Amino acid sequence: MASLDSFKCRRTLDVGGERYVYFSIPEAEKNGLAGVSQLPFSMKVLLENLLRFEDGRSVTKADIEQVAQWLDKRGKEEREIAFRPARVLMQDFTGVPAVVDLAAMRDAMLGLGGDVNKINPLVPVDLVIDHSVIVDEFGTPQALSDNVNIEYERNGERYRFLRWGQQAFSNFRVVPPGTGICHQVNLEYLSQTVWSRPETIDGETVQIAYPDTLVGTDSHTTMVNGLAVLGWGVGGIEAEAVMLGQPLSMLLPQVVGFKLTNRLKEGRTATDLVLTVTQMLRKLGVVNKFVEFYGSGLDSLSLADRATIGNMAPEYGATCGFFPIDAETITFLEATNRTDARVALVKAYAEAQGMVRDSSLPDPLFTETIELDLSDVVPSLAGPKRPQDRVTLETAKASFNNSLLKEYKVDDTDARFSVENAAFDLGHGDVVIAAITSCTNTSNPNVMIGAGLLARKAVAAGLKTKPWVKTSLSPGSQVVGEYLAKTGLQQDLDALGFNVTGYGCMTCIGNSGPLPTDISKTINDHDVVASAVISGNRNFEGRVNADVKANYLASPPLVVAYALAGSLHVDLVNEPLGMGHNGPVYLRDIWPTQEEVSDMRKASVTKATFADRYSNVFEGDDHWKGIEVAVSETYHWSMASTYVRNPPYFDGLTKTPAAIADIKDARVLGLFLDSITTDHISPAGSIKAASPAGRYLMEHQVRPQDFNQYGTRRGNHEVMMRGTFANIRIKNQMVPGVEGGVTRHYPSGEELPIYDAAMLYKQEGVPLVVFAGKEYGTGSSRDWAAKGTKLLGIRAVIAQSFERIHRSNLVGMGILPLTFEEGMSWQTLNLKGDETVSIVGLGESLKPRQTMEAVITSDKGRVTHVPVICRIDTADELEYFRHGGILQYVLRNLAAAA
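This text gives an overview of the structure that appears in the document.

Basis of the calculations
- Throughout, a residue's number is its position along its own chain's written sequence, starting from 1.
- Reporting of local features is limited, given that this is a predicted model, to residues whose pLDDT is at least 70; pairs of side-chain atoms are given and counted only at 80 or more, and all residues count toward the totals for whole chains, interfaces and linings.
- For the side-chain quantities, the full set of heavy atoms in the structure was used; hydrogens and water were omitted.
- Secondary structure follows DSSP: runs of H or I at least 4 residues long count as helices, runs of E at least 2 residues long count as strands, and numbering of each begins at the N terminus.
- Working rule for contacts: check all heavy atoms of both residues, and any pair within 4.5 Å makes them a contact.
- Salt bridges are identified by distance alone: a Lys or Arg side-chain nitrogen within 4 Å of an Asp or Glu carboxyl oxygen.
- For the exposure calls, accessible area comes from a 1.4 Å probe over protein chains only, and a residue counts as buried if that area is under 20% of its type's maximum, exposed if over 50%, partly exposed in between.
- Each pair of aromatic rings taken from Phe, Tyr and Trp, with Trp reduced to its six-membered ring, is defined by centres within 6.5 Å and is described as stacked if the planes are under 30 degrees apart, edge-to-face if over 60, and tilted in the remaining cases.
- When two cysteine sulfur atoms are found within 2.5 Å, that pair is recorded as a disulfide.
- Pairing between two strands requires that DSSP report at least two bridges joining them.
- Angles here are taken between N-to-C directions and fall from 0 to 180 degrees, while the axes themselves are lines fitted to C-alpha atoms, restricted in helices to the stretch in contact.
- Grid points spaced at 1 Å over the protein atoms alone were grouped into cavities, where a 1.4 Å probe fits but cannot get out, and pockets, open sets with protein on both sides within 12 Å along at least five of seven lines, with lining residues defined by an atom within 4 Å of a point.
- Grid points are joined across faces, edges and corners, and a volume is the space filled by probe spheres set on the points.
- Polar here means any residue other than Ala, Val, Leu, Ile, Met, Phe, Trp, Tyr, Cys and Pro, which are nonpolar, and Asp, Glu, Lys and Arg, which are charged; Gly is therefore polar.
- The labels follow the angle: roughly parallel below 35 degrees, roughly antiparallel above 145, roughly perpendicular from 65 to 115, and oblique for the rest.
- The hand of a helix crossing depends on one turn: near helix anticlockwise from the far one by less than a right angle means left-handed, and clockwise means right-handed.

**Points about the environment of Gln491**
At step 1: Within the element layout of this structure, Gln491 appears in helix α17 (residues 489–495).
At step 2: Spatially, the C-alpha atom of Gln491 lies 8.4 Å from that of Arg456, the residues being 35 residues apart in sequence.

Right under this line is the structure:
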């Protein structure tokens, strides 16, 4: 690399006998960037990135000056920059299709006469296999081993493909199954806070030091913001471009300062805090913004507490939730067995750059600020459908009853129904899933030990979980499993049915496994509003389990408590959890104190545990080691495969792109309301035999019991496009009153599955559009929400507003995102779905964020000219769109390079 260094800020730093080159922000301030020491810490990370990569083309002196000028309007003026993350993180759901695309690009490169070895990650990539294990077995000592065996049986083909990628691509590491959730592995092992690598500058090889930054193919990549690592989730499409050396085009963000004061009171957890933060920030509105935490309250928050808050940035809508480097950062790096040399470098680098948070220093300047007194936080849950819908534990019972009446339209809220072959009945609000799961909380020893201590006291008091509750525990890493075993708390959790079911992201993403047959039958026969209480970050309808309508987020101790109570109709503050040896037992009787939790954490969470558990992190177990793969530069695709198929994105690719055709007389495939999530759009969860995807698999001799789930079949576009917009809870207003992925085909008016209608339109040569409301595409960074949209033939999505990642992914797949002007929607236009839509001006004159016109013609021939805003936001995005997608753009550039 070679920076132009316009601000003469390249310096050296001697640490422990090693000399590092770095780009000094204090020196840049002296040499022309006035005031940058007042920037938020997260903005300093972006500034350093631009200083280091200044090349006069993708990063110019003017681009760097924009960061200093940010202080004038605090990000309220749109300025584009090119950001180059240090590395990429993937999990296997999103990682498999990314590797599939890389393999397909190698084939396409051959077709263009280029060098296949140019298709290789140019920045470090870590893929952690954590999303494929399912809670099939639970509540037994064999649950973990049984689920692992089933996982390898189901996913052998996918895992062979990843093993091939591990040897075929350089700069690419795979963390095998059973290690833990990718975000926790990232926090505990992969991240370094300050990164370093050898570079050649002016003919001399030197070590460059710079902030650790990343993008990940999972929206909860933001968890690592708690370790002062700036990163966020992107779609697999963007991640692949970053891997292949492309800068990430972004707008300089507004930065909301979140001030924390005082400390949490006794009995309050980090989960209660993050649910409060999520509610506050959703109300404020922080979509596309950075949030940075500051104030004296940070002094009382552990690194794990900070990571809990950082993790849920997608839930409060921000790009990231950043915590600066301070003494707690250093303590965590030391405690998790980072090398002495790395810890010394982090200390020295942060001091030299003015990147250390210290309560004695002036606060940074923010776009706006919000404040929370930590002592005001109270025990909380969030539900029944959204993470921001916080309710206090005190009001949870009344809130749920209100939802039963108003949202679920239940008249007899106390009705109960018999269960075949069981000595119990079921009613509305009964907790049928209680899961300690997800990166949000299983990274946090305070709440995990708290759950174990509560279980210990519950067992001692004589309490048992209700027999209709499916209990599970999926620790975030083997370190968690180690300290729960060492303290004996796992035995207490086992006694209540919370046996370890797997080390991975399970119930929170829908890998909850099936409910017992008779319970499932009762729920569906009587339309029971069953509930789940999970320690996760997502509770969107249809996500956790198809049988469960009401989903609540809660801390791990509260998950155990609700498993004991068995129902949301129980007021955990004022009513007993159950009858124990000596009468009624209340939650307050068994809730552990902060001192009890702290003492056990200090004794059991040790540096030696981290050293042991991460000593061979890339080797895997005997299952992984036993997978054999052929060594080859290109992948040998199997036409019989139902897991991994060569995608059609590069079919007929030419060295130069054709002109983009205008959209003429498109039909409407869907009319959607607000908050349509990527869970609604993207294939997720189980595959029904009667669905288009199920029919496809059966046509390929796959039995329904071997369908697996959509997430594991992301490498097969044929399955995934059939599952796009097929969520069981999605509501297409073209078919009012109906749930599920259906639409009407016009002009016939026939009601069809969305996939079937899209293929019929394709045969007819008719392009498609989708209309939606506010916050379209919220949720996980699911690339298939965009890929599936593309393969269905949808040319444009017209919404009131978009979630950041999904909007970017649409552009990355060559789909046009458009927004209505303020105050306008498809409802105000009285659209029914039988209209045709034309959008012109997609040729050379198209510009980022320009106002365009959608011409909508009703079935009666009435023509309406509707102004819409092009949400291709940057010049780079416009290039991607003109090439038909970001991968086509990258591939053509690599093929053209000498």
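So, next bit.
**Re the side chain of Asp492**
At step 1: Following the sequence through the fold, Asp492 ends up in helix α17.
At step 2: Filtering out sequence-adjacent residues up to four positions away, Asp492 remains in contact with Gly452, Ala455, Arg456 and Val459.

**A short note on the pattern of salt bridges**
At step 1: This model, assessed by the stated rule, comprises 46 salt bridges.
At step 2: Among the salt bridges present, the one from Lys73 reaches Glu77, with a minimum N-O distance of 3.1 Å.
At step 3: With relative accessibility at 32%, the residue Glu77 sits in the partly exposed group.
At step 4: Members of the salt-bridge network, linked through shared partners, are Glu78, Arg807, Arg849, Arg871, Asp873 and Glu877.

**Some remarks on the packing of aromatic side chains**
At step 1: Per the stated rule, a full pass over the model turns up 24 aromatic pairs.
At step 2: Residues Phe293 and Phe323 carry aromatic rings whose centres are separated by 4.6 Å and whose planes lie at 10 degrees to one another, so their mutual orientation is stacked. Note that Phe293 is positioned in strand β13 (residues 290–294) and Phe323 in the loop between β14 (320–322) and α11 (327–335), a separation of 30 residues in sequence. For the pair shown, Phe293 and Phe323 are each scored as buried.
At step 3: Measuring from ring centre to ring centre gives 6.2 Å for Phe771 and Phe820, while their planes differ by 15 degrees; the resulting arrangement is stacked. Separated by 49 residues along the polypeptide, Phe771 in strand β29 (residues 768–771) and Phe820 in strand β31 (residues 816–820) bring together distant segments of the chain. There is no split in this pair, since Phe771 and Phe820 are both buried.

**Focus on the state of the cysteines**
At step 1: Inspection of the entire model under this criterion finds zero disulfides.
At step 2: Looking at Cys320, it has no disulfide partner, and the nearest cysteine sulfur is the one in Cys439, 16 Å off.

**With respect to the sheet that holds β13**
At step 1: Taking strand neighbours across the sheet as the criterion, the four strands line up as β14-β13-β12-β15 in an open arrangement whose pairing is parallel. The open sheet has two edge strands with one neighbour each: β14 and β15 (368–373). If you compare each strand with its neighbour and ignore which way they point, the axes differ by 25 degrees on average.
At step 2: Direction of pairing for β13 relative to β14: parallel, over a ladder of three bridges. Each residue of the ladder has a partner; that of Val291, found in β14, is Gly321.
At step 3: Packing against the sheet, helix α2 (residues 41–52) makes contact with β12 (255–261), β13 and β14, and its axis sits at approximately 125 degrees to β13.

**As for the layout of surface pockets**
At step 1: Estimates place the volume of the second largest pocket at around 920 Å³.
At step 2: Around the second largest pocket sit 40 residues that line it, and Ser302, Asp305, Pro445, Asn446 and Arg601 are the ones nearest its centre.
At step 3: Going through the elements one at a time, α6 (182–190), α9 (303–311), α11, α15 (445–461), α16 (478–486) and α21 (594–604) are the ones with two or more residues in the lining of the second largest pocket.
At step 4: Sort the elements by how many residues they give to the lining of the second largest pocket and α21 lands first, with five residues.

**With respect to empty space enclosed by the protein**
At step 1: Per the counting criterion, the structure on display carries four cavities of 30 Å³ or more.
At step 2: Taken together, Phe41, Val45, Thr193, Val194, Pro211, Ala228, Phe322, Pro324, Ile325, Tyr349 and Met355 form the lining of the second largest cavity.
At step 3: Looking at the lining of the second largest cavity, its residues break down into ten nonpolar, one polar and no charged.

**Things to note about the packing of helix α28 (residues 784–791) against helix α29 (residues 804–812)**
At step 1: The interhelical angle for the contact between α28 and α29, taken along N-to-C directions, is 40 degrees, at an axis separation of 8 Å. In terms of orientation, α28 and α29 fall into the oblique class. The interaxial crossing formed by α28 with α29 has right-handed handedness. In contact with Ala785, Ala786 and Thr789 of α28, α29 contributes His806, Asn809 and Leu810.
At step 2: Of the residues in the contact of α28 with α29, the class split is three nonpolar, three polar and no charged.

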